[in-house]
Amino acid sequence: MTGPQPGPGAPAEAIDPDVDLHVPEQRAERLGPVLAAIAAGGALGSSARYGAALMWPAAPGGFPWATFWTNVIGCALIGVLMVLISEGGRSAPHPLVRPFAGVGVLGGFTTFSTYAVDFSRLLEAGEAGSALAYAGLTVAAALGAVWAAAAATRLGVRLALRGRA
């Protein structure tokens, strides 16, 4: 294994940067609160998604509208959240907002795994046309939702900031 050679006073064994498992110093913050925020948010988001699937179940071979709208709405909310917490001009949010709301709640709410299972179920039911429509429509609608929601949020923030000035 070749890698950087140790300098004077360095340990005799060099560490390959591609396999170095040490956590860089700037990322050595406590991970417990972040993981707890993600877990709590994930429990809320995935419970909401599960509740939607129970309230609006898809018939066998039917279009999975609950999963479709869950993913589209979740992506729109991700667009709103990311603009509100990551773009300049506003005070910095609490450091746990993004892990809780973005990764936890909205990550648990949106679902690629159920999307894939729904796609497979449609294929198994002989509904190849519906499966392909579902696959394409979900991607297009989710991307469109995140873009439109982010653009609308940016506009709303600009208008609100102008109103204060």
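Up top is the structure these notes are about.
Residues numbered from 1 in each chain as written. Predicted model: local features only at pLDDT ≥ 70, side-chain atom pairs only at ≥ 80, totals over all residues. Heavy atoms only, no water.

*Asks:* So what's going on with a nonpolar patch on the surface? Residues and values would help.
*Replies:* A cluster of nonpolar residues, Trp65, Trp69, Ile73, Leu77 and Leu137, forms a patch on the protein surface that exposes about 510 Å² of accessible area. Among the elements that take part in the nonpolar patch, helix 2 (residues 65–86) stands out by supplying four residues, more than any other. Along the chain, Trp69 turns up in helix 2. Residue class for Trp69 comes out partly exposed when judged on its relative accessible area of 44%. (Patch = residues over 30% accessible without salt bridge, like charges linked within 9 Å, V, L, I, M, F, W, Y side chains within 5 Å. Areas by Shrake-Rupley, 256 points an atom, 1.4 Å probe, with all protein chains shown as cover. Salt bridge = Lys/Arg side-chain N within 4 Å of Asp/Glu carboxyl O. Helix = DSSP H or I, 4+ residues; strand = E, 2+ residues; numbered from the N terminus. Buried < 20%, exposed > 50% of the residue type's maximum accessible area, 1.4 Å probe, protein only.)

*Asks:* With reference to specific residues and values, describe the packing of aromatic side chains.
*Replies:* Within this structure, the stated rule accounts for seven aromatic pairs. Where Phe63 meets Trp65, the ring centres are 4.3 Å apart and the plane angle is 45 degrees; that geometry is what we call tilted. Since its relative accessible area comes to 46%, Trp65 is described here as partly exposed. Here the aromatic rings of Phe63 and Tyr134 are separated by 5.4 Å at their centres, their planes lie at 85 degrees, and the arrangement is edge-to-face. Residue Phe63 is located in the loop between helix 1 (32–55) and helix 2, and its partner Tyr134 is located in helix 5 (residues 128–164); the two are separated by 71 residues in the primary sequence. A relative accessible area of 0% places Tyr134 in the buried class. Every member of this aromatic cluster is reached through a ring pair, and the members are Phe63, Trp65, Phe68, Trp69, Phe112, Tyr115 and Tyr134. (Phe/Tyr/Trp six-rings, centres within 6.5 Å; stacked < 30°, edge-to-face > 60°.)

*Asks:* Outline the nonpolar core, listing residues and values.
*Replies:* Grouped together as the largest cluster of nonpolar side chains are nine residues: Phe63, Phe68, Val72, Tyr115, Leu122, Ala131, Tyr134, Ala135 and Ala145. Those elements that place two or more of their residues in this core are helix 2, helix 4 (112–124) and helix 5. No other element matches the four residues that helix 5 contributes to this core. Not counting chain neighbours up to four residues away, the residues in contact with Val72 comprise Ala141, Ala142 and Ala145. (Core = buried A, V, L, I, M, F, W, Y, C linked by side-chain atoms within 4.5 Å. Contact = heavy atoms within 4.5 Å.)

*Asks:* Explain the environment of Leu132 to me, and be specific about the residues and the numbers.
*Replies:* With respect to the element layout, Leu132 can be found in helix 5. Classification of Leu132 by relative accessible area gives exposed; the value is 57%.

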